[in-house]
Amino acid sequence: MVHKIVLMGDPVLRKEATEVEEITDEVRKLVQDMFETMYHAEGVGLAAPQIGISKRIFVIDVRDEDQAGGRYALINPEIVGFSKDVEKSSEGCLSIPGLEEIVERPSAVQMKALDVDGNPIEIEGDELLGRALQHEFDHLNGILFLDRITPLKRKLAIKKWHKLQAED
């Protein structure tokens, strides 16, 4: 089922999401719905708060057509390491449609989480995967990518976004 994506301004996007206590069929269905919603919106990642559900779950799919890995559902993820190197790259967000900004992040990240069967998994990601992992993890902590740019750029971006919303 495709869910409605909540937009910047919705309080759920600013709350710290709660841990998933038990992985049930309901949680697995939510993960399936999240993938469906993400694909429908043509995104590469989606966190549960973005569909109004304050749970520590996100999905990512950064695969190219010829790539096997890169599709993940992470439950109760934790960052266990970052690279010292940083890189700047453009980011957008399904909850802030029409906006992209250059965001500086560590160039690689290591995470551990549970998969949909409750098995512990560890993921190391750099480039797009590393950026997507960090972006979606931020959503679980009430952080938007605009919080990671300078105050002046943030003010201008929010002004631009409000103008885009008024045009819709």
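In what follows, the structure referred to is the one given above.
Residues numbered from 1 in each chain as written. Predicted model: local features only at pLDDT ≥ 70, side-chain atom pairs only at ≥ 80, totals over all residues. Heavy atoms only, no water.

A. Region of the structure containing the sheet that holds strand E2 (residues 57-61). The five strands lie next to each other as E1-E2-E3-E6-E7, forming an open sheet whose pairing is antiparallel. The sheet is open, and its two borders are formed by strand E1 (45-47) and strand E7 (120-126), each paired with just one other strand. Strand after strand, the sheet turns through a mean of 40° between neighbouring axes, direction not considered. (Pairing = 2+ DSSP bridges. Helix = DSSP H or I, 4+ residues; strand = E, 2+ residues; numbered from the N terminus. Axes fitted to C-alpha atoms, helices over the stretch in contact; angles between N-to-C directions.)

B. Region of interest: unusual backbone geometry. The backbone of Glu42 shows a phi angle near 60°, a positive value even though the residue is not glycine. Note on placement: Glu42 falls in the loop between helix H1 (25-40) and E1. Unlike most non-glycine residues, Glu127 shows phi in positive territory, near 50°. The exposed category is assigned to Glu127, whose relative accessible area is 58%. (Buried < 20%, exposed > 50% of the residue type's maximum accessible area, 1.4 Å probe, protein only.)

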